[in-house]
Amino acid sequence: MAGFRDLDKVLFPIKSINNVVQLFRNQLESPSEPDLALLSIVAGVIENSLTSRSNAALQVCEPVEQNNLPILEIKTVEILYDKFRSIMLNAVDQNKAKGFATRDLVKKVSDVIWNSLTRSYYKDRAHLQSLYSFLSGNKLDCFGVAFAVVAGCQCLGYNDVHLALSEDHAWVIFGENGTETAEVTWHGKGNEDKRGQEIGKGVSARSWLYVNNKPVICTRHMEVAALVSAINPSLNSTHDAYEVALLQQELLWLLYELGHLKKYPMAIGNLGDLEEIAATEGKVPCKDLFQEAVTSARSYYSNQHVYPYTYQGGYFYRNKMYEEAFESWANASDVIRLDDEEIYKEFLEIANELIPHIMKIESSGFSANTILKKPKCFADLLRFYDGICQWEEGSATPVLHIGWAKPLVLTISKFDADVRAQVNIVCDKSEEDKLLKKNGTYFNNNNYEKENGSTAVSDSVVSTNVKNHSDKDNSPFHPSIEAL
Ligand SMILES: CC1(C)CN=C(N2CCN(c3ncnc4sc(CC(F)F)cc34)CC2)S1
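If you're wondering where the values come from, they're calculated on a predicted model, not measured in any experiment.

**Student:** Before we go on, may I ask you to explain the overall build of the protein chain in this structure?
**Tutor:** Along the protein chain, the regular secondary structure elements total 19 helices and eleven strands. Counting across all 484 residues of the protein chain, residues that qualify as buried make up 53%. Long-range pairs, those at least 24 residues apart, make up 65% of the contacts in the protein chain with a sequence separation of at least 6. Entry remark: accessible area of the protein chain is about 21,400 Å², with carbon and sulfur atoms responsible for 53%.

**Student:** Hey, could you run me through the packing of aromatic side chains in this one?
**Tutor:** Aromatic ring pairs are described here by two measures, namely the spacing of the ring centres and the angle between the planes. Inspection of every chain in the model, using the stated rule, returns 19 aromatic pairs. Look at Phe 4 and Phe 12: their rings are 5.6 Å apart centre to centre, the planes differ by 70 degrees, and that puts the pair in the edge-to-face class. Phe 12 sits in the buried class, given a relative accessible area of 11%. Relative to Trp 329, the ring of Tyr 317 has its centre 6.1 Å away and its plane inclined at 45 degrees; by these criteria the two rings are tilted. Here Tyr 317 is found in helix α13 (residues 307–318), whereas its partner Trp 329 is found in helix α14 (residues 322–335), with twelve residues between them in sequence. With relative accessibility at 1%, the residue Trp 329 sits in the buried group.

**Student:** Help me understand helix α6 (residues 103–116) in this model?
**Tutor:** In an α-helix there are 3.6 residues to a turn, and that puts residues three or four apart on one side. The terminal C-alpha atoms of α6, which comprises 14 residues, lie 20 Å apart, in line with the 20 Å expected from a rise of 1.5 Å per residue. All buried positions along α6 are accounted for by Leu 105, Val 106, Val 109, Ser 110, Asp 111, Val 112 and Ile 113.

**Student:** What should I look at first to understand unusual backbone geometry in this one?
**Tutor:** Trans peptide bonds make up most of the peptide bonds, and negative phi angles are found at most residues other than glycine. In the segment running from Phe 12 into Pro 13, the intervening peptide bond is cis, with an omega of -5 degrees. Mapped onto the elements, Pro 13 comes out in the loop between α1 (6–9) and β1 (14–16). Its identity is not glycine, yet Asn 212 carries a phi of approximately 50 degrees, on the positive side. With respect to the helices and strands, Asn 212 occurs in the loop between β5 (180–182) and β6 (216–217).

**Student:** I tried to follow the pattern of salt bridges on my own but got confused; where do I start?
**Tutor:** Should the charged atoms of two oppositely charged side chains come close, the side chains can pair. Under the defined criterion, the tally for this structure stands at 20 salt bridges. Note that Arg 25 and Glu 29 form a salt bridge whose closest N and O atoms lie 3.4 Å from each other. Taken together, the residues span about one helical turn, with Arg 25 and Glu 29 both in helix α2 (residues 17–29) at a distance of four residues. Here Asp 334 makes a salt bridge to Arg 383, at a shortest N to O gap of 2.4 Å. Pair noted here: Asp 334 is in helix α14 and Arg 383 is in helix α16 (residues 375–394), with a separation of 49 residues, a long-range link. A relative accessible area of 6% places Asp 334 in the buried class. The exposure class of Arg 383 is buried, given its relative accessible area of 0%.

**Student:** I keep staring at α13 and nothing clicks. Help me out?
**Tutor:** The terminal C-alpha atoms of α13 lie 16 Å apart, and with twelve residues this matches the ideal 16 Å at 1.5 Å per residue to within 8%. Burial of α13 is extensive: ten of the twelve residues sit out of reach of the surface. Buried residues along α13 sit in contact with α11 (265–277), α12 (286–300), α14 and α15 (341–362). Looking one or two residues past α13, Lys 320 carries a phi angle of roughly 60 degrees, positive in sign.

**Student:** Looking at this structure, I do not really get the site of the ligand. What am I missing?
**Tutor:** Around the ligand sit 15 residues in total, of which Phe 143, His 169, Tyr 264, Asn 270 and Tyr 311 are the nearest. Note that a nitrogen atom of the ligand is positioned 2.7 Å from one of the side-chain N or O atoms of Tyr 264. Contributing elements (two or more residues each) for the shell around the ligand: α11 and α13. Broken down by element, the residue count for the shell around the ligand peaks at three residues, all from α13.

**Student:** Just to check I follow, could you spell out the nonpolar core for this structure?
**Tutor:** A general trend in soluble globular proteins is that nonpolar side chains are found buried together. With 137 residues, the main nonpolar core has Phe 24, Phe 84, Leu 163 and Phe 384 as its most contacted residues. Considering every element that reaches this core, the biggest residue donor is helix α8 (residues 142–155), with eleven residues. Once residues within four sequence positions are removed from consideration, Phe 24 is found in contact with Leu 39, Ala 43, Val 224, Leu 227, Val 228, Leu 251 and Leu 254. Counting six residues, the second largest nonpolar core, distinct from the first, contains Trp 171, Ile 173, Ile 199 and Tyr 210.

**Student:** When you look at the packing of helix α5 (residues 74–91) against α8 in this model, what are you seeing that I'm missing?
**Tutor:** A pair of packed helices is captured by two measures, namely the crossing angle of their axes and the spacing between those axes. Packing of α5 against α8 leaves a shortest axis separation of 9 Å and a crossing angle of 75 degrees. With respect to α8, the element α5 is oriented roughly perpendicular. Residues Phe 84, Arg 85, Met 88 and Leu 89 of α5 lie in contact with α8, whose contacting residues are Ala 148, Ala 151, Gly 152 and Cys 155. Its residues assigned to classes, the contact of α5 with α8 shows six nonpolar, one polar and one charged.

**Student:** I tried to follow the environment of Leu 72 on my own but got confused; where do I start?
**Tutor:** Checked against the element boundaries, Leu 72 lands in strand β2 (residues 68–72). Separated by 237 residues in the primary sequence, Leu 72 and Tyr 309 have C-alpha atoms spaced 38 Å apart.

How each quantity is defined
Residues numbered from 1 in each chain as written. Predicted model: local features only at pLDDT ≥ 70, side-chain atom pairs only at ≥ 80, totals over all residues. Heavy atoms only, no water. Helix = DSSP H or I, 4+ residues; strand = E, 2+ residues; numbered from the N terminus. Buried < 20%, exposed > 50% of the residue type's maximum accessible area, 1.4 Å probe, protein only. Contact = heavy atoms within 4.5 Å. Areas by Shrake-Rupley, 256 points an atom, 1.4 Å probe, with all protein chains shown as cover. Phe/Tyr/Trp six-rings, centres within 6.5 Å; stacked < 30°, edge-to-face > 60°. Expected span 1.5 Å × (residues − 1). Salt bridge = Lys/Arg side-chain N within 4 Å of Asp/Glu carboxyl O. Near = heavy atom within 4 Å. Polar contact = N/O pair within 3.5 Å; in protein donor to acceptor, adjacent residues only side chain to side chain. Core = buried A, V, L, I, M, F, W, Y, C linked by side-chain atoms within 4.5 Å. Axes fitted to C-alpha atoms, helices over the stretch in contact; angles between N-to-C directions. Parallel < 35°, antiparallel > 145°, perpendicular 65-115°, else oblique. Nonpolar A, V, L, I, M, F, W, Y, C, P; charged D, E, K, R; others polar.

Encoded structure:
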């Protein structure tokens, strides 16, 4: 493990964002792996000093100078760093032969973190993700506990323990082949924690919560990307601390350029959000970053992640690119097995707030090139709603209610009959094949690809897959919606 080395110590006292970026660069480029505890403590101290209530007022006004941070003395970091190490080393007896971690070891480290936490506190509060929060306030959020377990195992010398991330949960993998899994934290409200248990092979592992068995398995460097992604610049519900957001943005660019975000769609999306707010000169534009996150999820996670599409859909929505927003949301809907509170809220907002808002604007008659005349938009909307209806079919508990149906009917009815007539619901493979021959363009579930593999969307033929309500996902074909 890299540890707190002299070439890191010479950077102290840290006074600027550039100093912090240099510390992270030293650690990320060191021949031994980056020290998670050190980096989490540094990021946590800086975040806390710039977002705590004491100087909130100060931070809301314009930044004094760019790149200026409250001075961070080495002593502050050393005290916290040594405290974390001693908590770990005292609590876990050092069995001589290190080798690979065992389930007992992982559970023991999780217990040490767990039993140090304050009895009861508001778990969803901001700034509870870092080791600074753990060491100074004995508080961690769900992600923070999982991260602390991995950092704890690293400082005990178990480099096989790594962070596994879905879009709404975190756990660890370990063992000789990295194939052992263990819950180490809680999930959601009121659910009994399953700490120590392996991630089931059953239906729950195929749920969205475990991204259908396609989690992000972190390397040490990706664990640094996770702690950077978890930096939270919010000062209050309306303002961000400018320097914290800038620090997070620069650290994400460092990780991006070193190639450590390639397999981490949400981190790319986080960078896209920051770039949309304040673009960095000469870098990849945010629109492309959102697309890269989608491509990463398709390439490495069999397109089982939803958030890359909601990052992208949110960008299009904010920039009034409604046709593109519909397509992103339809793609998101194609992914889901909606069985979790969090992702349900995501789709509820899209279906019952964002889309009705777009329809209101579009039917106000002022937009010349209105989406209401575009069969592709109607087809994508149907695909979006169909994915949600599929969830209704697939889930044990009834969920859709009049609150969903009203906006749905209102939205569909905004498209004229002649536009709707151009969308054919094609119900069997042979018909789809006929279309393919006729138009030489076949649109797959999520990646619009011409027969020859090039990517294109031609207005003449737009098709999309509507999941077959009766069959489950493994049906050999999906009837598709064709708009000619
Ligand atoms: C399109 C959105 C609504 C905007 N932000 C979104 N985020 C999704 C969650 N975010 C994340 N960003 C990086 N890594 C992780 S790991 C994780 C699960 C947690 F339990 F560990 C969440 C998450 C960042 C913010 S999705």
